[in-house]
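Structure assessment
One-letter residues, chain by chain:
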Amino acid sequence: MLIRKPADIQPSEITDHSLYLSRREFMKDSALALGGIAASLALPALLLHSQQADAATEKFSGVKKSPYSTTEDMTPYKDVTTYNNFYEFGTDKYSPAQLAGTLNPRPWTISVEGEVKHKKTYDIDSLIKMAPLEERIYRFRCVEGWSMVIPWVGLPLASILKKLEPTGNAKYVEFTTLLDTKQMPGERSGVLDWPYIEGLRMDEAMNPLTLFAVGLYGEVLPKQNGAPIRLVVPWKYGFKNTKSIVKIRFTDKQPVNTWMKTNPYEYGFYANVNPQVDHPRWSQARERRIGEFGKRETLMFNGYSEQVAHLYTGMDLRKFF
Ligand SMILES: Nc1nc2c(c(=O)[nH]1)N[C@H]1C(S)=C(S)[C@@H](COP(=O)(O)O)O[C@H]1N2
Ligand SMILES: [Mo]
């Protein structure tokens, strides 16, 4: 992995620069291969789509900074948007950035169901307006042992949930990804049980750290990162962070999340980052921060103990992994 982190360059400049480069390379390559307009007509549809995905430069304005942000070095935009897990677009890290062009983030609706007062199908833009957007620079830890620092743009999930008014029976909230093999061709494969589902206990969902992200690096969320809206729960392993959400369901029973259904021996419901509990096939004690050489220690709750440890007092976190 390359190190590309000139300390004196603003994130926005890095972003613009890399987008500029990728567009230039695209034009140069196609010009070399086929020449001019004919090139863009002759190129495979997927490549064109992926270029459109990359070129989503719509910027957010008036995004406020958050005291919950880390001051650690951010992972370069290029890595955040090309090294992804999004099995709906293939199982290797590089395919989502290449294949997610088929995803269409607008128009987009989210249905709100179950133990909640305001059951309704919401247009995404009305949900997003429920609270001011914030920039949250969070650590991100994948269960596979790599980590990043990502400047999300989003709104606290609590601000949305409060407005939806869950009933007294709502103990958990479940999030479901879009099910559409035209937009998400990887859903034709049997690697996971589609659609992708995750859940949180109500108090986890209401914790001020829990975010609904709609952007990163000040820009609209790239398709490969879960456009148009995805969950971000920074003290849990990456797989809890459901992408491209179309349904929020409140329930009195613990949801059966996709990874637990796939392999209950290896993946639990809680999935709190915990260096003391090994994955059955590898240690979780250390992690590789993308862009760095060597490894660093993994912190309990991914370093967010102060904000979330109280949620689990009295629970055996080896049993509830
Ligand atoms: N719908 C859906 N959401 C998903 C996944 C997925 O395959 N499908 N992968 C998860 C995993 S394992 C990780 S590590 C993160 C990766 O998010 P990123 O690609 O934005 O870094 O998304 C999570 N959310
Ligand atoms: Mo992950």
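Everything below is about the structure printed above this text.
Residues numbered from 1 in each chain as written. Chains lettered and ligands numbered in written order. Predicted model: local features only at pLDDT ≥ 70, side-chain atom pairs only at ≥ 80, totals over all residues. Heavy atoms only, no water.

Moving on, we get to the pattern of salt bridges. All told, the structure shown has 20 salt bridges when counted by the stated rule. D203 is the salt-bridge partner of R201, the closest N and O atoms lying 2.8 Å from each other. We classify R201 as buried; its relative accessible area is 14%. D203 gets classed as partly exposed once you look at its relative accessible area, which sits at 31%. The structure contains a network of salt bridges with shared partners spanning E72, R139, R141, E287, R289, E292 and R296. (Salt bridge = Lys/Arg side-chain N within 4 Å of Asp/Glu carboxyl O. Buried < 20%, exposed > 50% of the residue type's maximum accessible area, 1.4 Å probe, protein only.)

On to the site of ligand 1, then. Around ligand 1 sit 15 residues in total, of which N84, Y87, E88, N241 and K243 are the nearest. Interatomic distance of 3.0 Å between a side-chain N/O atom of N225 and an oxygen atom of ligand 1. Taking K243, its side chain carries an N or O atom lying 2.7 Å from an oxygen atom of ligand 1. Considered on its own, ligand 1 offers 530 Å² of accessible surface; in the complex 99% of this is hidden by protein. A molecule is said to occupy a pocket when more than half its atoms come within 2 Å of that pocket's grid points, and by this definition ligand 1 occupies the second largest pocket. (Near = heavy atom within 4 Å. Polar contact = N/O pair within 3.5 Å; in protein donor to acceptor, adjacent residues only side chain to side chain. Areas by Shrake-Rupley, 256 points an atom, 1.4 Å probe, with all protein chains shown as cover. 1 Å grid on protein atoms, 1.4 Å probe; cavity = no way out; pocket = protein on both sides within 12 Å on 5 of 7 lines; lining within 4 Å. Sits in = over half its atoms within 2 Å of the grid points.)

Time to look at the packing of aromatic side chains. This model, assessed by the stated rule, comprises 16 aromatic pairs. Judged by centre distance (5.9 Å) and plane angle (65 degrees), the ring pair of F175 and F212 falls under edge-to-face. Of this pair, F175 sits in strand β6 (residues 172-177) while F212 sits in strand β8 (residues 211-216), placing them 37 residues apart in sequence. Pair check on accessibility: F175 and F212 agree, each one buried. Ring centres of W259 and Y267 lie 5.3 Å apart, and the angle between their planes is 65 degrees; on these two criteria the pair is classed as edge-to-face. The exposure class assigned to W259 is buried, which follows from its relative accessible area of 14%. Sitting over the face of the ring of Y304, R139 holds its NZ or CZ atom 4.5 Å from the ring centroid. (Phe/Tyr/Trp six-rings, centres within 6.5 Å; stacked < 30°, edge-to-face > 60°. Helix = DSSP H or I, 4+ residues; strand = E, 2+ residues; numbered from the N terminus. Lys NZ or Arg CZ within 6 Å of the ring centre and 35° of its normal.)

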